[in-house]
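Breakdown of the fold
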Amino acid sequence: MPKYIIEKNGPLKGEVVMSGSKNAVLPIMAASILTSKQCTITDIPKLRDVDVMCQLLRSVGAEVNIDYIKKEISITCDTVSELEAPYELVKQMRASNLIMGPLLSRTGKVKISMPGGCAIGARPIDLHLKGFQALGAEIELEHGYVEARAEKLIGDKIYLDFPSVGATENIMMCAVLAQGITTIENAAEEPEIVDLANFLNSIGAKIKGAGTDTIKIEGVSKSELTGTKHAIIPDRIETGTFMVAAAVTRGNLLIKNAIADHVKPIIAKLKECGVEITETDGDIRVTANKGVKATDIKTLPYPGFPTDMQAQFMTLLTSAIGTSIIIETVFENRYMHIGELNRMGSNIKIEGRSAVVPGEQMLEGAQVTATDLRAGAALVLAGLIAEGTTEISDIYHIERGYSEFVEKLSRIGAKIRKVED
Ligand code: EPZ
């Protein structure tokens, strides 16, 4: 199995350019199922998850042409065939469930394997299904598959028990071709929701309020939907990861193609730690040539501190002056990286949903395993500051969500290489 080999690093310096957002491109690719016209999506990231979504779209009859050199993908779904999204595909990528809303809206039925849990938690889709039912769908669960059928979809008011990103996206896409008005209350407010709504409006949907906790969708007819050309927003979690990489190596890094407004909580926390952040139009400079102070973090839905940055920040805080407390409120099991960081010499303790992170830990290189996407990224950052050599296995988790990660890190001075075992 391929591995990353990482040596202790000096400060990261230079410039790095962010790629398109994984969590924006996946729902937008799924949304292209709604229209029979060609959708061209640009600024796409080169990721395994994008390849898996291409396979899924082809399996429903879409014509998909991807050009990673031009960072462009064109999708035409002029006919939609039966879809039974197989477990093999869905278990590779939870975001497979994002084709449910568009397929249900376009064809009136969809059958997909239940996504199953993953390392960070059970991750049910009950809120997605409740939304579909509110719009008139019948839901059947059997043999690990969920089937949704709807003769007609009629707009309704839906209150989400939790501002779920995926449920907000799926219900929004399902409501595009429903009759009448759908209102999603307690909706997720992430920038990726706004990017999806902008894409949907560009093919003729009528959506207002994306980015707030109340989203209104006025249903349109299939004939009103057109094609489009849409550029994906930069990846705010990749941006945050490189910001922390600069901080943890006490470096000086210019991060290009970044939207500072999307990483406000990360900027605020890094400033609390004594890291210097300067924002210019589309770029963020991170300078951390002084010590880093401890701070406390509580993950929350956007615009709170993102759960997808919790593991990376924990690595930083192991080297801070003082003890930090991290509380993970979004997922019930998102501390898998703690065991691996402790094997590298940190002494982090879990108390219920909190993690107590002592500072000034001298990490030592070790053989560690990536358990999920962001835990893997946290271990890469740990490898940059650990004495000696760190070997990370199961790096497929990392390559699901970070485009050209080794190339980008190497260009700013990191001693990291990928070896085929
Ligand atoms: C999206 O996952 C992201 N993935 C995740 O990023 C991110 O961590 C998460 O949002 C939270 O920001 C994509 O966008 C592809 P949720 P999603 O529904 O939609 C519970 C990464 O690292 N819940 O907001 O699955 C759920 O169990 C990935 O890039 C229900 O209980 O997240 C979790 O505890 C990891 N019932 C919480 O809500 C439901 O029906 C948040 O989940 C749906 C969710």
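**Here's the deal with the overall build of the protein**
Counting its secondary structure elements, the protein contains 14 helices and 24 strands. Considering only C-alpha atoms, the protein reaches an extent of 60 × 45 × 40 Å along its principal axes. The proportion of buried residues among the 421 residues of the protein is 57%. Of the contacts made within the protein by residues no fewer than 6 positions apart, 73% connect residues no fewer than 24 positions apart.

**Some thoughts on the sheet that holds strand β22 (residues 367-369)**
Strand order in the open sheet formed by four strands is β22-β23-β1-β24, and the pairing between neighbours is mixed. If you trace the sheet from one side to the other, it starts and ends with β22 and β24 (416-419), each paired once. For this sheet the average axis-to-axis angle between neighbouring strands, irrespective of direction, equals 25°. Across three bridges, the pairing between β22 and strand β23 (residues 389-393) is parallel. For Thr369, the partnering residue across the bridge sits in β23 and is Ser393. Lying over the sheet, helix α12 (residues 373-385) contacts β1 (3-7), β22, β23 and β24, oriented at roughly 30° with respect to β1.

**Topic: the pattern of salt bridges**
Under the defined criterion, the tally for this structure stands at 15 salt bridges. The partner of Asp283 in a salt bridge is Lys256, with the nearest N and O atoms 3.1 Å apart. Here Lys256 lies in strand β15 (residues 252-256) and Asp283 lies in strand β17 (residues 283-287), a separation of 27 residues in the sequence. Classification of Asp283 as buried rests on a relative accessible area of 15%. The partly exposed category is assigned to Lys256, whose relative accessible area is 26%.

**Things to note about the site of the ligand**
Among the 21 residues in the neighbourhood of the ligand, the closest are listed as Asp126, Leu127, Ser164, Asp308 and Val330. Note that an oxygen atom of the ligand is positioned 3.0 Å from one of the side-chain N or O atoms of Lys22. The separation between a nitrogen atom of the ligand and a polar side-chain atom of Asp126 is 2.7 Å. In isolation the ligand has 820 Å² of accessible area, and contact with the protein removes 87% of it.

**Observations regarding unusual backbone geometry**
Cis rather than trans, the peptide bond between Tyr302 and Pro303 has omega equal to 10°. Looking at where Pro303 falls in the secondary structure, it is placed in the loop between β18 (297-298) and α10 (310-317). Although it is not a glycine, His143 sits at a positive phi angle of roughly 50°. By the secondary structure assignment, His143 is in the loop between β8 (138-142) and β9 (145-149).

Conventions and cut-offs
- Residues numbered from 1 in each chain as written.
- Predicted model: local features only at pLDDT ≥ 70, side-chain atom pairs only at ≥ 80, totals over all residues.
- Heavy atoms only, no water.
- Helix = DSSP H or I, 4+ residues; strand = E, 2+ residues; numbered from the N terminus.
- Buried < 20%, exposed > 50% of the residue type's maximum accessible area, 1.4 Å probe, protein only.
- Contact = heavy atoms within 4.5 Å.
- Pairing = 2+ DSSP bridges.
- Axes fitted to C-alpha atoms, helices over the stretch in contact; angles between N-to-C directions.
- Salt bridge = Lys/Arg side-chain N within 4 Å of Asp/Glu carboxyl O.
- Near = heavy atom within 4 Å.
- Polar contact = N/O pair within 3.5 Å; in protein donor to acceptor, adjacent residues only side chain to side chain.
- Areas by Shrake-Rupley, 256 points an atom, 1.4 Å probe, with all protein chains shown as cover.

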